[in-house]
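# Per-entry structural report
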Amino acid sequence: MATTTSAFHRKIEVVSPTRQRVMGILFILLGLILVFFFTPGLSQGQITTFGLSLATSDIQLPPWQVHTLPTLYGLAVASAILGGIQLARGFGRYTNWVLGLVVGFFIFGFLVWAAAGKSLNLVGMFNTTLSRSVPITLGALSGILCERSGVVNIAIEGMMLTGAMVSALVGSITQNAWLGLLAAILAGALLALVHAVLSIKYKTNQIVSGTVINIFATGLTSYISAKFLQVNQALNNPPTFGGTPIPLLSEIPILGPVLFNNSIFVYVMFILLFVLNVALFQTRWGLRLRAVGEHPKAADTLGIDVFKTRYMAVVLGGMVAGFAGGYFTLGSAGRFDEVMTAGRGFIGLAAMIFGNWNPFGAFGAGLLFGFADALASRLAILGIAIPSQFLLMAPYIATMIVLAGVIGRARPPAADGIPYEKE
Amino acid sequence: MTPILELRGITKRFPGVLANDHINLTLEKGQIHALLGENGAGKTTLMNILYGLYQPDEGEIFINGKKVIIHSPADAIAQGIGMVHQHFMLIPVFTVTENVMLGEESTRFDGFLDREQAAARVRAISEQYGLAVDPEAYIKDLPVGVQQRVEIIKLLYRKADILILDEPTAVLTPQEVEELFGIMRSLVEQGKSIIFISHKLREVLEIADLITVIRRGRVVGSVRPEEADQYRLASMMVGRDVQLELERPPSEPGEPVLEVENLLVADELGQLAVDHVSFDVRSGEILGIAGVQGNGQTELIEAITGHRHILEGRVRLLGQDVTNAPPRIITELGTGYIPEDRQRDGLVLAFPVMDNLILRTYYKPPFARGRRMEWEVIRQHAEALVKQYDIRTPSALSLCSTLSGGNQQKVIVARELSRPIRLLVAAQPTRGLDVGSIEYIHQQILEKRSQGVAVLLASTELDEILQLSDRVAVMYRGQIVAIVPAAEATKDYIGLLMAGVPAEEARQRVRRKPVEIG
């Protein structure tokens, strides 16, 4: 081979050191907040207690106790040292890992401070985190299916809401939770089909199409709810899926109650997570789906049917969204209330972006959002002065930072949102 | 012997255009058949019909003497036809193997990708035909020349016997073109047949066994390369005699007009695109910037014209510091700018020709008096320029979007050259234009030079650079690796510099000709 066209391609180095500096300052800032905002008002020798077992568990672990002040100082110093190293020479490609570590320090420090002199049950909180993350993660998985094929779907919220309403209605009439769930999935699929036809066949602007479906879903479900479900409670009383502990596994200390004592929605979410990850990246189906989302024309010239692939992906995504809708009524509340999804579908999309269109990344983001949710309600119980709304805002501030590209740019599929025109 | 492929009477109409008019074409097995024609002559339409992307309105296709109907690319692939498109059909975030196997994947348990097996097949093909490539590499990390090999491997992986290469040399350095020709020869030796689409006369004469010339959707004729020369082919292509060599009087460089010192510029991703570049352009000379696309030329030009932030370094225009000055200041100091992407940066397509002709000066008398626009003056100005620059448009009120590419470019040229300018910055001024328009624009640029304008010309067409430039600066990975006077700027030497060969080594290799390749 001639040396003139060497297969090696030197990457031109990143010039701007801005990001490195911003990160370093952020680390130090987090450390300073730990010291200056959290330590005042605490007394020497105060102790924070973390519960490690649920009251209902057979095996009871002793609670974990830490000395509040030394722990806070230790975390602050560690953050500041990492920040100093980051400023001086940077962590290069490990920067994001270090960022995760420092944020972890900060959250832990926050918990230590919030529960100072009191007791906080960690297992209970992790369990709440997981269940709060279910609809968000499912919404994100739905979004990943659609967007990896190149169709933007902001109608996931509407699909979830419709799924929730339909599952309450069908579940109540048949008194069968499984039929209710099936109806929710079908309802999601139907709305997704509308979105697919509008955006794939008629090449409508996909944001407009999604918005229209969301408004339609809000209107329809609110109408049916006000006209029938709230008037006749027999139509709004579906059976629910209770907790289904998995034998043996649910007895493992700490992990058991968190992971293996849940409703089927949690288990299905985990199964979907693994299945979708393998399907997207290890199968022919996934390779073609991703190809259609990246470069539809290339896929077309290789004999792949772009339209069919996109229809399939969007409808599958709608089914996942409908299933997530079922969680609200059959898995959680046991009844339908107007606009009860409360933006979880949109948050799912944020999780999808945060997770860089990868199932496990999206799950991680879903956990983060779920954690903020869980934390907000715990702090109210602990009587902390910070309004819970501020805590609930924190993950979205993080999402905006991700979108702005500070923590490495999220890269959507190249053809995301662009209708394919066959010549 | 029956030809492997025969097209009979292929006709394709688009609204208002007869793209293909009863075209006949015959490809023998083991032949390289060149399809020569200007942009818009109908070559690509014809090949898209053959590949199943369009349906012909009339005509028949025969493969090995059997009539076939091709509805889709999948049909074409099944008939053993493969096409390398002008714009590569590769997915940047996929590996070579994934791109090659897409649509015809190796799988285990019916559905799970078997990347190892596919990679082994890619390796086998790349050895058999001399197409060196790493199956595990991601496309986005590969240079274009290698990406093109991946496209060819894609066809061979599908066992294609008829390979269509659509303008394959447009993105390559001269050395990469030689490598490609080597690959093409090895392919026909092993029994493949190739249709080679091009508008470059020299290349066609070098590689083809038979040349068919198309003009305005019709076959003008077929010739063997030994019976033809560049002049004959050019006049067949254009339909009249063409002047291939430009008359270039010796330059009389005067004072430096543009001085660039240690320029440092980043691209959109914050990566260094222009790496400590210094040069100057004097009045009455043309400085050509040669380089393979994506080596920082775009960013350099944008930085000089005030469209991109300069991180470090200085730009001086007529002695005045214009580093990071707004484009309007740079324009008012006497800069004409023909941008690389005429539709995106050069014109407002939704505006009429008349408005586009005053985009640089609309706010000044005589076109505006205070806040009022003088529409009558603007219209007269436009009509005069349309006439002077031979812009083919129904009227000065027609929208720019309705003009052909060549005429759109003429609108820009008219706007930029009709002003009193001291510096002309021209980026890819003739990309995608027909021979006639190219000839015209080149003459206009030379005309400005003899009027004492300093010209900075960036082009990836090496022929254009060599024809026009008094000095040639070669850019490679953001740096100017050499500035060569026209007399020493041979195609081989500049080509090696463009490919990143150090100047000293390049000079030695050119001296012991023929240039070693492969």
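Residues numbered from 1 in each chain as written. Chains lettered and ligands numbered in written order. Predicted model: local features only at pLDDT ≥ 70, side-chain atom pairs only at ≥ 80, totals over all residues. Heavy atoms only, no water.

## Points about the overall build of chain B
This is how it is decided: Runs of H or I in DSSP of at least four residues are treated as helices and runs of E of at least two as strands, each being numbered from the N terminus. All radius of gyration figures rest on C-alpha atoms, and the globule criterion is 2.2 Å times the number of residues raised to 0.38. Relative accessibility under 20% of the residue-type maximum defines a buried residue, over 50% an exposed one, and the middle range a partly exposed one, all with a 1.4 Å probe and only protein chains included. Whether two residues are in contact is decided by their heavy atoms, any of which lying within 4.5 Å being enough. A 1.4 Å probe and the Shrake-Rupley method give the accessible areas. Residues count as covered only by the protein chains that appear here. None of His or the chain ends enter the tally, which takes Lys and Arg as positive and Asp and Glu as negative. To locate a charge, the coordinates of NZ of Lys, CZ of Arg, CG of Asp or CD of Glu are taken.
When helices and strands are tallied, chain B shows 18 helices and 24 strands. Relative to the globule expectation of 24 Å for 518 residues, the C-alpha radius of gyration of chain B, 25 Å, shows essentially globular dimensions. Its C-alpha atoms give chain B principal-axis dimensions of about 70 × 50 × 50 Å. By the burial criterion, 57% of the 518 residues in chain B qualify as buried. Once local pairs closer than 6 in sequence are excluded, the contacts in chain B between residues at least 24 apart make up 66%. If you sum the accessible surface of chain B, you get close to 21,800 Å²; carbon and sulfur atoms cover 49% of it. Between the mean site of the 57 positive side-chain charges and the mean site of the 70 negative ones, chain B shows a separation of 4 Å.

## Looking at the packing of helix 13 (residues 344-354) of chain A against helix 14 (residues 359-382) of chain A
Residues and elements named next belong to chain A. To be explicit about the condition: Axis definition: a line fitted to C-alpha atoms, over the contacting stretch in the case of helices. Angles run 0 to 180 degrees between N-to-C directions. Orientation labels follow simple angle bins: below 35 degrees gives roughly parallel, above 145 gives roughly antiparallel, 65 to 115 gives roughly perpendicular, and whatever is left gives oblique. Working rule for handedness: look at the near helix, and if it is turned counterclockwise from the far one by less than a right angle, call the crossing left-handed; if clockwise, right-handed. Classification convention: Asp, Glu, Lys, Arg as charged; Ala, Val, Leu, Ile, Met, Phe, Trp, Tyr, Cys, Pro as nonpolar; all other residues, Gly among them, as polar.
Taken N-terminus to C-terminus, the directions of helix 13 and helix 14 make an angle of 130 degrees; their axes are 7 Å apart at the nearest point. Taken as axis vectors, helix 13 and helix 14 run oblique relative to one another. The interaxial crossing formed by helix 13 with helix 14 has right-handed handedness. Here helix 13 contributes Arg344, Ile347, Ala350, Ala351, Met352 and Phe354 to the contact with helix 14, which in turn contributes Ala362, Ala365, Gly366, Leu368, Phe369 and Asp373. A per-class count over the contact of helix 13 with helix 14 returns nine nonpolar, one polar and two charged.

## Here's the deal with the pairing of strand 1 (residues 5-14) of chain B
Residue and element names in this part refer to chain B. Heads up, the condition is: For two strands to be treated as a pair, DSSP must find no fewer than two bridges joining them.
In this structure, strand 1 lies alongside strand 2 (residues 17-27), joined through seven bridges in antiparallel fashion. By the bridge assignment for strand 2, Glu6 is matched with Thr26. Between strand 1 and strand 2, which follow one another and run antiparallel, lie two residues, and Gly16 among them has a positive phi close to 80 degrees.

## What to know about helix 17 (residues 491-498) of chain B
All names here are of chain B. Burial analysis of helix 17 places seven of its eight residues in the buried class, the great majority of the element. For helix 17, the full list of buried residues reads Asp492, Tyr493, Ile494, Gly495, Leu496, Leu497 and Met498. Contacts from the buried residues of helix 17 go to helix 6 (174-189), strand 15 (286-290), helix 16 (462-468), strand 23 (471-476), strand 24 (479-485) and helix 18 (503-511). Immediately downstream of helix 17, the backbone of Gly500 shows phi near 95 degrees, a positive value.

## Side note on the environment of Phe62(B)
All names here are of chain B. By the secondary structure assignment, Phe62 is in strand 4 (residues 58-63). Sequence separation between Phe62 and Arg328 is 266 residues; the distance between their C-alpha atoms is 59 Å. Apart from residues no more than four positions distant in its own chain, Phe62 is found in contact with Ile4, Leu5, Glu6, Arg8 and Lys67.

## Quick notes on the sheet that holds strand 1 (residues 47-51) of chain A
Residue and element names in this part refer to chain A. Ordered in space as 2-1-3, the three strands form an open sheet in which the pairing is mixed. Each edge of the sheet is formed by a strand with only one pairing partner; in this case those strands are strand 2 (64-67) and strand 3 (119-121). On average, adjacent strands in this sheet sit at an angle of 25 degrees to one another, irrespective of strand direction. Of the pairings in the sheet, the one linking strand 1 to strand 2 comprises four bridges and is antiparallel in character. Residue pairing for strand 2: Thr49 is matched across the bridge by Gln65.

## Re the pattern of salt bridges
All names here are of chain B. As a reminder of what qualifies: In what follows, salt bridge is the name for a side-chain nitrogen of Lys or Arg lying within 4 Å of a carboxyl oxygen of Asp or Glu.
Throughout the structure, instances matching the rule amount to 42 salt bridges over all chains. One salt bridge in this structure joins Glu374 and Arg369, with 3.8 Å as the shortest N-O distance. Because the salt bridges share partners, they merge into one network encompassing Arg360, Arg415, Glu416 and Arg419.

## Focus on the confidence of the model for chain B
Here is the rule we go by: For every residue, the predictor states its confidence as a pLDDT score lying anywhere from 0 to 100.
For chain B, the average pLDDT comes to 90, and 98% of its residues sit at 70 or higher. Here the predicted complex scores 0.81 on pTM and 0.85 on ipTM.

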